[in-house]
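# Per-entry structural report
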Amino acid sequence: MLPVVAYLFFSSGIYNFAKLPIITEKIDPLESITYREIKIPNLSSNKPLTLKDHVTLVGYLGDQLKGNVGYTANLNLMIYKYFVKYEDFQIVLFVNKGSDQAIDTMKAELGRIFDVSKIRFIETTIEGAQTHFNSLGTTLSMVSDGSHPDVFIIDKDLALRAGHEEKKPNPYGYDYTQAVEMGYMKDDIKILLAEYRLALKKNNNASDKIEQRREKK
């Protein structure tokens, strides 16, 4: 009887599926601030930059790259390298003016390993970064140079998502200087991507059934 019950359970589509919690319903789009995207020839995307319809990791680096090009190593090698194959995945990093050379060096080094076009850097003022950071709706504070050690998961509808809150210092983001927290982030991104795949599968199945009913008419 057990195999029969299992079949009916899964075939009915009634089963629990983990979803990544929504922390803030809607953050500000990038268009809400003034910024310049820093593009490196042959290493940057030519597609318009937007958070909408993307799974985005947003980070606020301030001046941090200027003194340490490898500052985001955990983020790039543990997370970006793993998810770059997903079409709608991207990383958007806020930096202060004067970071161009550091970004050029970093992208050139990483570009030898994998496609870095989905790591996108935007230059804005500290005030601009602060304004966007505030829209995340957290209780966290930025450093005076406009940086913060956490990176944040933003879904396709501009909602802030996060999990593993019982294992991290805060329920909002993930500290990219800590390999352990990057492990938590990796797991949570997998959950979010699986959530979208399941939704797509359900919609496709529904569309097929609708089309079949129409054909019978």
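Structure report, in brief.

Parameters at a glance
Residues numbered from 1 in each chain as written. Predicted model: local features only at pLDDT ≥ 70, side-chain atom pairs only at ≥ 80, totals over all residues. Heavy atoms only, no water. Helix = DSSP H or I, 4+ residues; strand = E, 2+ residues; numbered from the N terminus. Buried < 20%, exposed > 50% of the residue type's maximum accessible area, 1.4 Å probe, protein only. Contact = heavy atoms within 4.5 Å. Core = buried A, V, L, I, M, F, W, Y, C linked by side-chain atoms within 4.5 Å. Salt bridge = Lys/Arg side-chain N within 4 Å of Asp/Glu carboxyl O. Pairing = 2+ DSSP bridges. Arc of directions from axis to C-beta. Phe/Tyr/Trp six-rings, centres within 6.5 Å; stacked < 30°, edge-to-face > 60°.

Looking only at helices and strands, one finds 6 helices and 8 strands in the chain. Of the regular secondary structure in the chain, the N- to C-terminal order runs α-β-β-β-α-α-β-α-β-α-β-β-β-α. Within the span of the chain, comprising 217 residues, buried residues form 45% of the whole. Counting contacts in the chain only where the partners sit at least 6 residues apart, residues at least 24 apart contribute 77% of the total.

Here we take up the nonpolar core. The biggest cluster of nonpolar side chains holds 36 residues, and the ones touching the most others in it are Leu-57, Leu-75, Ile-79, Phe-89, Phe-121, Met-185 and Ile-189. Elements with a minimum of two residues in this core: strand 3 (55-62), helix 3 (73-83), strand 4 (89-95), helix 4 (100-110), strand 5 (119-123), strand 6 (147-154) and helix 6 (179-216). Sort the elements by how many residues they give to this core and helix 6 lands first, with 7 residues. Not counting residues up to four positions away in its chain, the partners in contact with Ile-79 are Leu-57, Asn-74, Phe-89, Met-182, Met-185, Lys-186 and Ile-189. Leu-30, Ile-33, Val-92 and Phe-152 belong to the second largest nonpolar core, which has 19 residues in total.

For the structure shown, the criterion picks out 9 salt bridges. One salt bridge in this structure joins Asp-88 and Lys-156, with 3.1 Å as the shortest N-O distance. Linking Asp-88 in the loop between helix 3 and strand 4 with Lys-156 in the loop between strand 6 and strand 7 (160-161), this pair joins segments that are 68 residues apart in sequence. Residue Asp-88 is classed as partly exposed on the basis of its relative accessible area of 29%. Within the structure, one salt-bridge network assembled from shared partners comprises Arg-36, Asp-100 and Glu-123.

It is worth spelling out the pairing of strand 6 at this point. Most of strand 6 is tucked away: 7 of the 8 residues are buried. Across 5 bridges, the pairing between strand 3 and strand 6 is antiparallel. Residue pairing in the sheet places Gly-59 in a bridge with Val-151 of strand 6. Bridge count between strand 6 and strand 7: 2 bridges; the pairing is antiparallel.

What follows covers helix 5 (residues 126-134). Within helix 5, the full set of buried residues consists of Gly-128, Ala-129, His-132 and Phe-133. Each buried residue of helix 5 sits inside an arc of 135° when the element is viewed along its axis, so together they form one side. Each element contacted by the buried residues of helix 5 is listed here: strand 3, strand 4 and strand 6.

When glycine is set aside, most residues are seen to have a negative phi, and most peptide bonds are trans. Even without being glycine, Asn-42 reaches a positive phi, approximately 70°. Turning to its location among the elements, Asn-42 is positioned in the loop between strand 2 (36-38) and strand 3. For Asn-42, a relative accessible area of 81% gives the class exposed.

This next bit is on the environment of Gln-64. For Gln-64, the location among the structural elements is in helix 2 (residues 64-67). Overall, Gln-64 belongs to the partly exposed group, its relative accessible area being 26%. The spatial distance from the C-alpha of Gln-64 to the C-alpha of His-148 is 9.4 Å, given a sequence separation of 84 residues. What Gln-64 contacts, discounting residues up to four positions off in sequence, is Tyr-71, Asp-145 and Ser-147.

A few words now on the environment of Ala-194. With respect to the helices and strands, Ala-194 occurs in helix 6. Measuring from C-alpha to C-alpha, the distance between Ala-194 and Leu-20 comes to 9.9 Å, with 174 residues separating the pair along the chain.

Let's shift gears to the packing of aromatic side chains. Counted under the stated rule, the structure contains 10 aromatic pairs. Judged by centre distance (4.8 Å) and plane angle (75°), the ring pair of Tyr-82 and Phe-83 falls under edge-to-face. Residue Phe-83 is classed as buried on the basis of its relative accessible area, which comes to 1%. Relative to Phe-152, the ring of Phe-133 lies with its centre 6.0 Å away and its plane at 75°, an arrangement referred to as edge-to-face.

With respect to the helices, strands and loops of the structure, Leu-51 is situated in the loop between strand 2 and strand 3. As a C-alpha pair, Leu-51 and Gln-90 span 39 residues in sequence and 8.8 Å in three-dimensional space. Discounting residues that sit within four places of it in the chain, Leu-51 has contacts with Ile-27, Asp-28, Leu-30, Thr-56, Val-58, Gln-90, Val-92, His-132, Asp-155, Lys-156 and Leu-158.

Fair warning: the whole summary comes from geometry, so function is off the table for now.
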